[in-house]
Amino acid sequence: MNDAGNGNGEWLTPAERRQQQLERLQISCNRAYKNVPFYRNRFQAADLSPQDIGSLEDVRRLPFTERRHFGEHYPYGLFAVPLRDIVRIHTAPGIGGSLTVSGYTARDLKMWKEMVARALKAAGVSADDILQIVLHPGLANWGRDYKDGAEALQASVIPLNALHLSKQILVLRDYKSSVLITTPSSAVQIQELLFAADINPNELSLKTLILVGEPASRELRRGIEEHLHVTTWQHYGLSEVPGPAVAYECEGHEGLHVSEDHFLVEVLDPKTHEPVPEGESGELVLTSLTIQAFPLIRFRTGDRVRVLAEGCPCGRTLRRMEWLPDRVDELLVIQGVKIQKDQVAVRVAQTLGFSPKKLSLHLVRQGGYSALEVQLGMEEDLFSDEIKELERLVRKTAFELRQEFGVPVEVRLLEGPSVEAHP
């Protein structure tokens, strides 16, 4: 059986794919059962053992893993290897005030580097390119993964840094970057700042724009391509899995190829948890097949996707999916960072010194630019004789939330009833 790491995993026959996935699923379930009490207890509660997994369909008998479980087992409770075997630890915002911690073994890092390199290669990235990474702090971990993947292709890399977008544009022009990895929202901002600075896109060497973190509509992509004179490519990833390029576009630009040699994919009805009919949309559920340190079994992503059943003209046999903009849960995705109301409420309470009775979240868009708007109802604890003091509290709250999530935040005070969070 050819190993996916050398690129052959993209071209397996359906029979070879199923056999590879089954073997890797059994190994992953055995590892999780043997080394992670959380998974062992859930197997036993379902009256199952890893030996009961005799087909890919048997995965449906296993319980789901959800985001709340990361906080409940913080920090290392879901690791399947001793800490001495962990060579990198990633931290991402969790839910309810907790953090999401994931780890990599040396083999995991090698696997992820090869997977990211494969996705970049599908977008035409090569040793002749200068690749620049511009991501918000909430996706800083992805910056390292993309750097490793690009360097594996021997591309020159301008890693993620803390420069303001206006400075990133100067780097883009002066360093002659040919590939840019960023979120759709940041791409629109870069486009606007470029024109505001009276810089003609023809002055750039940019030809390839890889959009990550959030789905981008065809209309948005066409606008970016026309203004910046580039070809856009979409990558799908998750901080919890942990990493980018779980799925990626090929030259056909019709859906994203899922790295099925590393993940088992289910698309389920979010209410019944049953598989949806072919061609219909549902929640993407992922089971890791090759991750050693941090195996995930039936992780509910909350992302809505649709699997494209027909084969791809590129010849890759990895299934393709369409990544849809609406989610099946209440999380807001802003510039690639997932935000839950409870997370915001915890940080706001810490900043104000009390828990506001009326708090709502909104995703606000201006063109392709997105930000988190937090609305607080006026209440007695917020009253102050000094308008300046009230303004200071609003600014401080917005600052603390920007620090927490690494995305643009606006805080507004409103009178009257609050509206629940919605996308």
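Quantities reported herein were computed from a predicted structural model and do not represent experimental measurements.

A. Main features of the overall build of the protein. Looking only at helices and strands, the protein features 10 helices and 18 strands. A compact globule built from 423 residues would reach a C-alpha radius of gyration of about 22 Å, and the protein, at 22 Å, matches this within 12%. The proportion of buried residues among the 423 residues of the protein is 54%. Taking as baseline every contact in the protein between residues at least 6 positions apart, the subset at least 24 positions apart corresponds to 66%. For the protein, the accessible surface area stands at approximately 18800 Å², while carbon and sulfur atoms represent 48% of it. In the protein, 48 positive and 58 negative side-chain charges are present, and the distance between their average locations comes to 4 Å.

B. Region of interest: the pattern of salt bridges. Enumeration according to the criterion identifies 27 salt bridges in this entry. In this structure, Glu151 engages Lys147 in a salt bridge whose closest nitrogen and oxygen atoms are separated by 3.3 Å. Of this pair, Glu151 and Lys147 both sit in helix α5 (residues 140-152), 4 residues apart, which is roughly one turn of the helix. Arg300 is the partner of Glu283 in a salt bridge, and the nearest nitrogen-oxygen pair spans 2.8 Å. Of this pair, Glu283 sits in strand β11 (residues 281-288) while Arg300 sits in strand β12 (residues 299-308), and the two are 17 residues apart along the sequence. Arg300 sits in the buried class, given a relative accessible area of 18%. Residues participating in the shared-partner salt-bridge network are Glu66, Arg68, Glu72, Glu283 and Arg300.

C. How the structure looks around the packing of helix α7 (residues 184-196) against helix α8 (residues 218-228). Two numbers describe how α7 lies on α8: the axes approach to 11 Å, and their chain directions differ by 35°. Note on packing geometry: the crossing formed by α7 with α8 is left-handed. Contacts between α7 and α8 involve Pro184, Ala187, Val188, Gln191, Leu194 and Phe195 from the first element and Leu220, Gly223, Ile224, His227 and Leu228 from the second. Across the contact of α7 with α8, the residue classes break down as 8 nonpolar, 3 polar and no charged.

D. How the structure looks around the packing of aromatic side chains. Counted by the stated rule, this structure contains 9 aromatic pairs. Ring-pair connections join several aromatic residues into one group, and the members of that group are Phe70, Tyr76, Phe79, Phe294 and Phe299. The ring of Tyr33 has Arg40 sitting right over it, with the charged end atom 5.4 Å from the ring centre. Between Arg88 and the ring centre of Tyr104, over which it is positioned, the NZ or CZ distance is 5.9 Å.

E. Local environment of unusual backbone geometry. Cis rather than trans, the peptide bond between Tyr74 and Pro75 has omega equal to -5°. Locating Pro75 in the fold gives a position in the loop between α3 (67-72) and β1 (88-93).

F. Layout of α7. Here α7 spans 18 Å end to end across 13 residues, near enough to the 18 Å set by a 1.5 Å rise per residue. In this fold, the buried residues of α7 make contact with α6 (165-174), β5 (179-182), β6 (208-211), α8 and β17 (369-377). One or two residues past the end of α7 sits Asp198, with phi positive at roughly 60°.

G. Spotlight on the sheet that holds β6. If you trace the 11 strands from one edge of the open sheet to the other, you get β4-β3-β5-β6-β7-β8-β9-β13-β12-β11-β10, paired in mixed fashion. One side of each edge strand has no neighbouring strand; the edge strands of this open sheet are β4 (156-158) and β10 (263-268). Adjacent strand axes in the sheet meet at a mean angle of 40°, parallel and antiparallel pairs treated alike. As paired strands, β11 and β12 are joined by 5 bridges and run antiparallel to one another. Among the inter-strand pairings, Gly282 is bridged to a residue of β12, identified as Val305.

H. Quick look at the confidence of the model for the protein. Residues at a pLDDT of 70 or more form 94% of the protein, whose mean pLDDT is 91. Segment residues 1-7: pLDDT under 50, and 15 contacts once partners within four positions in sequence are set aside and those in other chains are kept. Segment residues 417-423 is flagged for pLDDT under 50; beyond a separation of four residues in sequence, or across chains, it makes 16 contacts in the model.

I. Molecular detail of the packing of helix α1 (residues 14-35) against helix α2 (residues 37-45). Contact geometry for α1 and α2: axes closest at 5 Å, N-to-C directions at 105°. Looking at the two axes, α1 sits roughly perpendicular to α2. Taking contact as the criterion, the partners of Cys29, Ala32, Tyr33, Lys34 and Asn35 in α1 are, on α2, Pro37, Tyr39, Arg40, Phe43 and Gln44. Its residues assigned to classes, the contact of α1 with α2 comprises 6 nonpolar, 2 polar and 2 charged.

J. Highlighting the nonpolar core. The biggest cluster of nonpolar side chains holds 74 residues, and the ones touching the most others in it are Trp112, Leu120, Leu131, Tyr146, Ile210 and Tyr236. In this structure, Trp112 is in contact with Tyr104, Asp145, Val241, Pro242, Gly243, Pro244, Val246, Phe263 and Ile291, ignoring residues within four places of it in sequence. Judged by nonpolar contacts, the second largest core, of 21 residues, contains Ile339, Leu361, Leu401 and Val409.

Conventions and cut-offs
Residues numbered from 1 in each chain as written. Predicted model: local features only at pLDDT ≥ 70, side-chain atom pairs only at ≥ 80, totals over all residues. Heavy atoms only, no water. Helix = DSSP H or I, 4+ residues; strand = E, 2+ residues; numbered from the N terminus. Rg over C-alpha atoms; globule rule 2.2 N^0.38 Å. Buried < 20%, exposed > 50% of the residue type's maximum accessible area, 1.4 Å probe, protein only. Contact = heavy atoms within 4.5 Å. Areas by Shrake-Rupley, 256 points an atom, 1.4 Å probe, with all protein chains shown as cover. Lys, Arg positive; Asp, Glu negative; His and termini not counted. Charge placed at Lys NZ, Arg CZ, Asp CG, Glu CD. Salt bridge = Lys/Arg side-chain N within 4 Å of Asp/Glu carboxyl O. Axes fitted to C-alpha atoms, helices over the stretch in contact; angles between N-to-C directions. Left-handed = near helix turned anticlockwise from the far one by under 90°. Nonpolar A, V, L, I, M, F, W, Y, C, P; charged D, E, K, R; others polar. Phe/Tyr/Trp six-rings, centres within 6.5 Å; stacked < 30°, edge-to-face > 60°. Lys NZ or Arg CZ within 6 Å of the ring centre and 35° of its normal. Expected span 1.5 Å × (residues − 1). Pairing = 2+ DSSP bridges. pLDDT = per-residue confidence, 0-100. Parallel < 35°, antiparallel > 145°, perpendicular 65-115°, else oblique. Core = buried A, V, L, I, M, F, W, Y, C linked by side-chain atoms within 4.5 Å.

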